Every structure is written in C-alpha cells, then in structure tokens.
Amino acid sequence: MKTAEQQYLALCRRILEEGVLIKNQRTNKGCLTVINADFEYDASGGGFPLVTTRKAFWRNAVAEMIGYLRGYDNANQFASIGCNTWFANANETPAWLDNPHRKGKDDIGRAYGVQLRNWRNPEGGKVDQLHKVVDALKAGYDNRRLIMTFHNPGELDRAALDACMHTHHFSVLEGTLYLTSYQRSIDVPLGLVFNMPQTVFLLRIIAQISGLKPGKVFHKLVNCHIYDNQIELMREQVERVPLEQPTLHISDRIKTLNDLETWVDPQDPEQFWVEGYEHHPAIKYPFAC
Ligand SMILES: Nc1nc(=O)c2c([nH]1)NC[C@@H]1CN(c3ccc(C(=O)N[C@@H](CCC(=O)O)C(=O)O)cc3)CN21
Ligand SMILES: O=c1ccn([C@H]2C[C@H](O)[C@@H](COP(=O)(O)O)O2)c(=O)[nH]1
C-alpha cells in the first residue's frame, strides 16, 4: 500500500498535469480541477497521515475535528481549543455576511458539528448522531447503519459553508473499526493537509472510546482543486522528497464521549503527541474565502 503522502503527492502531480482550469463562482477564483480520488490510510499501527513535504499544523487540525464533535457553531469556540480556521468563513464570506440567519460576528451557523449533535427532527427535537453511533458501537451488534452526516439540505441556507467532509460511515469487522469518509470539495494544498489526519484521528478516538481496534480509513474525494494563486507554490512542494510517516499517540486516559466533550485538550502534549515527525519548511498557501 502506498503511504498517505505518496497518494497525496500523486494527486498533486495529477492536478498539475491534467487539471482543468475553471472559474469558481463562489470564490471568484480560478481552480485547477480534477474529479475523484480514493485515498486509503492504515491506522492500525498508529501511522498518522501528515505531509512531510511541508509543515502540517496537526494540533490545529485535530482541534477542528474536536470542535465538530462538540457541535461548535462559533469561530471563537474553535479558537479557544487552538483552531483558527473558521474566522475567515464566519466574517468574510460575502454571501454569509448578507444572510439574515447569521447571528453576528464569528457565527458559522448550523454547519458541520451542529448537524452532528443537533439535527432537528420534524417534532422540533434534537437528533444526536454522534451519541447514537457510539452507543451502537458499544452495543456490539452487527450494524450497517453507522453513518454520521453534516450535510443537511434543509438547512444549508443557515450555514456559513456547506460541509466539505460531509459524511463519516463506520463499520466493524471482527473487533476492528473502519471509517469511510466522503468529501465533496477539496482544497488540496490547504484543506486536505488537515483532512487526512482528521479522518485518522476520528477513527482512533471513536475506536478508543468504543473499545475497538482501529483499522483502515477509506477517504473518498470528489472535486479536487488547486486555486490559481497556489499553483506555483505547489510546483515547488512536489519537488521535495517525502520523509517517514509519523505516529500519533492518544492518552489512554481518554475513555468516554463525555471526556471528549469536557476536559480533552488538543494542545496538551500529554493527551496527544506525534512521534517521528520530521518535515520540510512550512509553505504559506493563500486561502480563498
Ligand atoms: N478555501 C478553503 N479552503 C479550506 O481548506 C477550507 C475552507 N476554505 N473553509 C473551511 C475550512 C477551513 N480550513 C482551513 C483554513 C485555513 C487553513 C490554514 O490556513 N492552514 C495553514 C496554517 C495553519 C496554522 O497556522 O495553524 C497551513 O499551513 O496549513 C487550513 C484549513 C479548511 N477549510
Ligand atoms: O475541511 C475542508 C473544508 C473546506 N475545504 C475547501 C474546499 C473548497 O476549496 C472550499 C469550500 O468551497 P465550496 O465552494 O463550498 O466547495 O473549502 C477543504 O478542502 N476541506
């Protein structure tokens, strides 16, 4: 099996060589685009899919996933655990600024984790998808319905952004947990560097609190693009020689969903640490809002 970074660099080269330059309406930017890629990461031995051809800010990425799992809806909540990625979409996306549902500065609306923890049912009650999945995993019966989705077509008009990694589907086979994650839109230089480790973190933490062994992640990628102002930097990155894949450690003090919801801190080196992460220098890619 190819390492995560080999799969990543192959996709980057494919976009540079075969990508079609299109104009994206929402961001008003050119995007070199290809459709469909299937990545696979083996999480059983602790391997953590970080790119090494530039510095990956993995604590920021883990914090973002923890924010989704907690149902955060405000860029400041994400920032309070060390994730600074949501201010731009909360406060600079033109269509969201004009949206009457926006509750003010830093609000991201009924996006991502809000749908995960608080999907509205027709009676006005809440559906907590994460709680249901963890309960079902702990119950231990064969179950092919372990789907959590952030994509709620009925409330897309109430969110700063449609979820990009929109669905996570868990499966259990002989005590091993697998995850299939679906992503509709992929900013390959920026977003994907966060999304690859996020899927493995999600599998590892749910396996740990459900008493299962982590297996593989299957990451399904649809619209894969490099924004026009990122292309030259990416041509430099793909010339760099990848280094060894690091390992993620998660403290075994984290045992329950309640731990994850309350005291878990992605910035604490005694709760999460990465071993053997050597990387080339950081590259500052521009961000499209
Ligand atoms: N255009 C776009 N691309 C994305 O990847 C993206 C969005 N929008 N909107 C929603 C979230 C926010 N995400 C982000 C936002 C910023 C970085 C970013 O700036 N990363 C830098 C610096 C990280 C740091 O300093 O910790 C990086 O080098 O990875 C990454 C992912 C992913 N998503
Ligand atoms: O986790 C994420 C979140 C977002 N992205 C990227 C993919 C696109 O470049 C933008 C979203 O724009 P849309 O117009 O809504 O597709 O954000 C990502 O790669 N990963």
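Residues numbered from 1 in each chain as written. Chains lettered and ligands numbered in written order. Predicted model: local features only at pLDDT ≥ 70, side-chain atom pairs only at ≥ 80, totals over all residues. Heavy atoms only, no water.

Condition: UniProt positions are given in the numbering used here, feature names are shortened, and annotations may be inferred rather than shown by experiment.
In the nomenclature of an unreviewed UniProt entry, the protein chain corresponds to Thymidylate synthase from the organism Microbulbifer epialgicus. What the UniProt record of the protein chain gives under Sequence similarities (unreviewed entry) is the line "Belongs to the thymidylate synthase family. Bacterial-type ThyA subfamily."

## Focus: the site of ligand 2
Put simply, the test is: Here a residue is near a molecule or strand as soon as one of its heavy atoms is found within 4 Å of it. Think of a polar contact as two N or O atoms within 3.5 Å of one another; within protein, one of them needs to be a possible hydrogen donor and the other a possible acceptor, and neighboring residues in sequence only count if both atoms come from side chains. All accessible areas in this document rest on Shrake-Rupley with a 1.4 Å probe, and a residue is counted as covered only by the protein chains that are shown. Secondary structure follows DSSP: runs of H or I at least 4 residues long count as helices, runs of E at least 2 residues long count as strands, and numbering of each begins at the N terminus.
In the vicinity of ligand 2, 13 residues are found, and the nearest of them are R26, R184, S185, H225 and Y227. At 2.8 Å from an oxygen atom of ligand 2 is found a side-chain nitrogen or oxygen belonging to R184. One nitrogen or oxygen atom from the side chain of S185 is found 2.7 Å from an oxygen atom belonging to ligand 2. Considering ligand 2 on its own, with 460 Å² of exposed area, one finds that the protein chains cover 84% of that surface. Of all the secondary structure elements, the ones that give two or more residues to the shell around ligand 2 are β7 (176–187), α8 (191–210) and β8 (213–227). Broken down by element, the shell around ligand 2 gets its largest block of residues, 5 residues, from β7.

## Topic: the site of ligand 1
How we decide: Gly falls in the polar group here, along with every residue not listed as nonpolar (Ala, Val, Leu, Ile, Met, Phe, Trp, Tyr, Cys, Pro) or charged (Asp, Glu, Lys, Arg).
Neighbouring ligand 1 are 15 residues; R54, N60, N89, D187 and A288 lie closest to it. If ligand 1 stood free it would expose 660 Å²; the protein chains cover 84% of that surface. Where the shell around ligand 1 is concerned, the elements lending two or more residues are α2 (58–69) and α8. Looking at the shell around ligand 1, its residues break down into 8 nonpolar, 4 polar and 3 charged.

## A closer look at the layout of surface pockets
Quick reminder of the rule: Grid spacing is 1 Å over the protein atoms alone, the probe is 1.4 Å, and a cavity is where that probe fits but cannot get out, while a pocket is an open set with protein on both sides within 12 Å along at least five of seven lines and lining residues have an atom within 4 Å of a point. Grid points are joined across faces, edges and corners, and a volume is the space filled by probe spheres set on the points.
Approximately 160 Å³ is the volume found for the second largest pocket. Taken together, T3, A4, E5, Q6, L50, T52, P242, L243, E244 and Q245 make up the full set of residues lining the second largest pocket. Broken down by class, the residue content of the lining of the second largest pocket amounts to 4 nonpolar, 4 polar and 2 charged.

## Brief notes about the UniProt feature "binding site: (6R)-5,10-methylene-5,6,7,8-tetrahydrofolate" (unreviewed entry) in the protein chain
We count it as follows: Whether two residues touch is decided by their heavy atoms; if any such pair falls within 4.5 Å, the residues are in contact. Per-residue accessibility, obtained with a 1.4 Å probe over protein chains only, is compared with the maximum for each type, and a residue is labelled buried under 20%, exposed over 50%, and partly exposed between these values.
The feature "binding site: (6R)-5,10-methylene-5,6,7,8-tetrahydrofolate" (unreviewed entry), as given by UniProt, occupies D187 and A288 in the numbering adopted here. Considering the C-alpha atoms alone, the annotated residues occupy 102 residues of sequence yet fold into one spot, their largest mutual distance being 9.1 Å. By the secondary structure assignment, D187 is in strand β7. When sequence neighbours within four positions are dropped, the list of residues in contact with D187 reads L192, H225, Y227 and Q230. Residue position: A288 is located in the segment after β10 (272–275). Judged by relative accessible area, A288 falls into the buried class, the value being 8%.

## Digging into the pattern of salt bridges
What counts, and what does not: The term salt bridge refers to a side-chain nitrogen of Lys or Arg lying within 4 Å of a carboxyl oxygen of Asp or Glu.
For the structure shown, the criterion picks out 11 salt bridges. For R117, the salt bridge goes to D128, with nearest N and O atoms at 2.9 Å. On the criterion of sequence distance, the pair formed by R117 in helix α6 (residues 113–117) and D128 in the loop between β4 (126–127) and α7 (129–139) is long-range, its members being 11 residues apart. Judged by its relative accessible area of 12%, R117 is buried. Of the charged contacts, one joins E232 and R235 as a salt bridge, the two residues approaching to 3.4 Å between their closest N and O atoms. Placement of both E232 and R235 in helix α9 (residues 231–237) is noted, with a separation of 3 residues, approximately one turn of the helix. When salt bridges that share partners are traced, they join D73, K103 and D107 into one network.

## Observations regarding the pairing of β8
Short version of the rule: Pairing between strands is defined by DSSP: at least two bridges between the two strands are required. The crossover handedness rule: strands pointing away from the viewer, path from first strand over the helix to second strand clockwise, crossover right-handed.
Where strand β2 (residues 29–42) and β8 come together, 11 bridges link them in antiparallel fashion. The residue bridging D38 from the neighbouring strand is K220, located in β8. Where β7 meets β8, 10 bridges bridge the pair, whose relative direction is parallel. What sits directly across from Q183, in β8, is L221. The parallel pair β7 and β8 is bridged by α8, and the resulting crossover is right-handed.

## A closer look at empty space enclosed by the protein
Using the criterion set out here, one finds 1 cavity of 30 Å³ or more in the structure. R110, A111, Y112, Q115, F150, N152, E155, L156, A159, L161, D162 and A163 together form the lining of the largest cavity. When grouped by side-chain class, the residues that make up the lining of the largest cavity number 7 nonpolar, 2 polar and 3 charged.

## Things to note about the side chain of T53
Of note, T53 is situated in the loop between β2 and α2. Taking the relative accessible area as the measure of exposure, T53 reaches 0% and is therefore buried. Only 2.9 Å separates the side chain of T53 from the side chain of Q237, close enough to count as a polar contact. Not counting residues within four places of it along the chain, the set of residues in contact with T53 comprises E5, L9, Q237, R240, V241, P242, H280, P281 and I283.

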